[in-house]
Amino acid sequence: MFKSKKTGNPAIRGALYYAIYFGVIGAYFAYVNVVYIQRGLTGVQIGILNAVGSVMILFSGPLFTNIADNKGWHRGFLFLGHLMFGVSIFGLHIAPNFSFMMLSIAIGALFSGPVMPLSDMMIVKMANRYQLDFGHMRIWGSIGFFVVCTFMGRVWDTIGTENLFLIGGILFTARAITTFLIDPIGKVEHEPDEEAPSSSNVFAIILKDQQFLIFLLACLLWASCWNTFMAYSSIYMDQLGGSSLLVGLMMGLTALGEVPTIFLADRVLRRFGYLRVFIFSISIFVSVMIAVSRILNPTLMVIVNGFRGLGFGFFIVGGVRYVDQHAPRLYSGTYQSLYSVITFTVPALIAMPVMGYLFDKHSIRMVFNTEIILGLLSIALFSFMYWKSKQEPETA
């Protein structure tokens, strides 16, 4: 059974968690690739750093969330993940060479693998328990990202980015405290006619779940598009001569663009269904990508790039909701972890090194064109899922 301690307003607690969670991300990740370039790393080296972390998350995310599902240790793993990721960022600050940077990232990724899926799973369960709109809590993540990212752009312009890893380490470590804003989830007891939860059971179930596997493949194509575009749009801004403030504004306005669609997401998803909304949202994002890749003015790029948040917002809520609705009762955390690995980890493992190679050997234009193709392929696969759902209305 679920165990919850009803203290404070759950909507406020969920909103505050997401605001801090993504606010800290906005202070750091919007600038980290630019700092890597400034430190003399090549595109391939940046891709390797992302790949090293991704390999660790690929294994630790599903493993730790499955243990959390079996034992009811969700909040313990969440706290440890926040804490150790902050420690690993400190390691980047003192790293004397590239090898030490890889080691720091590997350690941080090992422990932080379950952080995002556990965060989303626990808060969406909290939303269900108190009959709240998940999107109305998640929206504060985008607002927090916008405010902090924009503010830190001015800070980095003033003090320089050489202390990005030091300040980032402090912020990520302190973020662990927010874990206690979320209701704990105890072990979910299986019914007499259900098999006891185990790692072998859940992965056997997933391998037979054709609909979920197709969904994961579509998400992989889509995530390979937007993950790499987020990284290389910052580098493109730097190439155009944009300041750290403009990089921060670009990322911040994108997050701000998510606000209206995240706010409306639950309502729109109920009205039109997941698959049609996914197709629509990715189409908006790809359209903006095409426009941004042709822009040569950094200020205009900030403005146009902000519109991609309109497309991304629906998917932020819809993806988590879709997985929560689809997952077997005993394996919510494990299913969310696989979704998180596909959308955030595997693209960094595969797509980032490939894009790094294209960036080094060809140009950033080639990177953008490849990302656009990936986005169009994901639209095609979600369209196939929608067509198939029309043959089987109960899966729409």
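Residues numbered from 1 in each chain as written. Predicted model: local features only at pLDDT ≥ 70, side-chain atom pairs only at ≥ 80, totals over all residues. Heavy atoms only, no water.

Student: For the packing of aromatic side chains, give the residues involved together with the corresponding values.
Tutor: On inspection of all chains with the given rule, the structure shows 36 aromatic pairs. Taking 5.4 Å as the distance between ring centres and 90° as the angle between the ring planes, the aromatic pair formed by Tyr28 and Phe172 counts as edge-to-face. With Tyr28 in helix H1 (residues 10-38) and Phe172 in helix H7 (residues 164-174), the pair connects residues that are 144 residues apart, well separated along the chain. Comparing Tyr28 with Phe172, the two get one shared label, buried. Sitting over the ring of Tyr21, Arg175 keeps its end group 4.3 Å from the ring centre. (Phe/Tyr/Trp six-rings, centres within 6.5 Å; stacked < 30°, edge-to-face > 60°. Helix = DSSP H or I, 4+ residues; strand = E, 2+ residues; numbered from the N terminus. Buried < 20%, exposed > 50% of the residue type's maximum accessible area, 1.4 Å probe, protein only. Lys NZ or Arg CZ within 6 Å of the ring centre and 35° of its normal.)

Student: Quick one: what's the story with the packing of helix H6 (residues 134-159) against helix H10 (residues 244-272), residue by residue and with numbers?
Tutor: Where H6 contacts H10, the axes come no closer than 8 Å and their chain directions differ by 170°. When the axis of H6 is compared with that of H10, the two are roughly antiparallel. Looking at the contact of H6 with H10 residue by residue, the class counts come to 16 nonpolar, 8 polar and 5 charged. (Axes fitted to C-alpha atoms, helices over the stretch in contact; angles between N-to-C directions. Parallel < 35°, antiparallel > 145°, perpendicular 65-115°, else oblique. Nonpolar A, V, L, I, M, F, W, Y, C, P; charged D, E, K, R; others polar.)

Student: Any details on H7? Residues and values, ideally.
Tutor: In an α-helix, one full turn covers 3.6 residues, which means residues spaced three or four apart are oriented alike. Inspection of H7 places Leu164, Phe165, Gly168, Gly169 and Phe172 among the buried residues, and these make up the whole buried set. Buried residues along H7 cover an arc of 125° about the axis, so they all sit on one side. Against the buried residues of H7 lie H1, helix H3 (74-94) and H6. (Arc of directions from axis to C-beta. Contact = heavy atoms within 4.5 Å.)

Student: Now, about unusual backbone geometry: what can you tell me, with residues and values included?
Tutor: Even without a glycine there, the phi angle at Gln131 is positive, about 55°. Checked against the element boundaries, Gln131 lands in the loop between helix H5 (115-129) and H6.

Student: For the nonpolar core, give the residues involved together with the corresponding values.
Tutor: Counting 122 residues, the largest nonpolar core has Tyr28, Tyr36, Phe165, Phe215, Tyr232 and Phe382 as its most contacted members. With 16 residues, helix H9 (residues 210-239) is the largest single contributor of residues to this core. Each residue touching Phe382, except ones within four places of it in the same chain, is listed here: Phe215, Ala218, Cys219, Leu275, Phe278, Ile279, Ile282 and Phe315. (Core = buried A, V, L, I, M, F, W, Y, C linked by side-chain atoms within 4.5 Å.)

Student: Please set out the packing of H1 against H3 residue by residue, giving values where relevant.
Tutor: Where H1 meets H3, the closest approach of the two axes is 14 Å, and the angle between their N-to-C directions is 25°. When the axes of H1 and H3 are compared, the pair comes out roughly parallel. For the crossing formed where H1 meets H3, the hand is left-handed. Contacts from Tyr17, Tyr21, Tyr28, Phe29 and Tyr36 in H1 reach Leu78, His82, Phe85, Ile89 and Leu92 in H3. In terms of residue class, the contact of H1 with H3 is made up of 9 nonpolar, 1 polar and no charged. (Left-handed = near helix turned anticlockwise from the far one by under 90°.)

Student: Break down the pattern of salt bridges for me, citing the residues and quoting the values.
Tutor: For side chains bearing opposite charge, pairing can occur when the charged atoms are close. One pass over the full model with this rule turns up 5 salt bridges. One salt bridge in this structure joins Arg13 and Asp183, with 2.9 Å as the shortest N-O distance. Of this pair, Arg13 sits in helix H1 while Asp183 sits in the loop between H7 and helix H8 (199-208), and the two are 170 residues apart along the sequence. Comparing Arg13 with Asp183 shows no difference in burial state: the two are buried. A salt bridge links Asp266 to Arg321; the shortest N-O distance between them is 3.1 Å. Placement of Asp266 in helix H10 and of Arg321 in helix H13 (residues 308-326) is noted, with a sequence separation of 55 residues between them. The burial state of Asp266 is the same as that of Arg321; both residues are buried. (Salt bridge = Lys/Arg side-chain N within 4 Å of Asp/Glu carboxyl O.)

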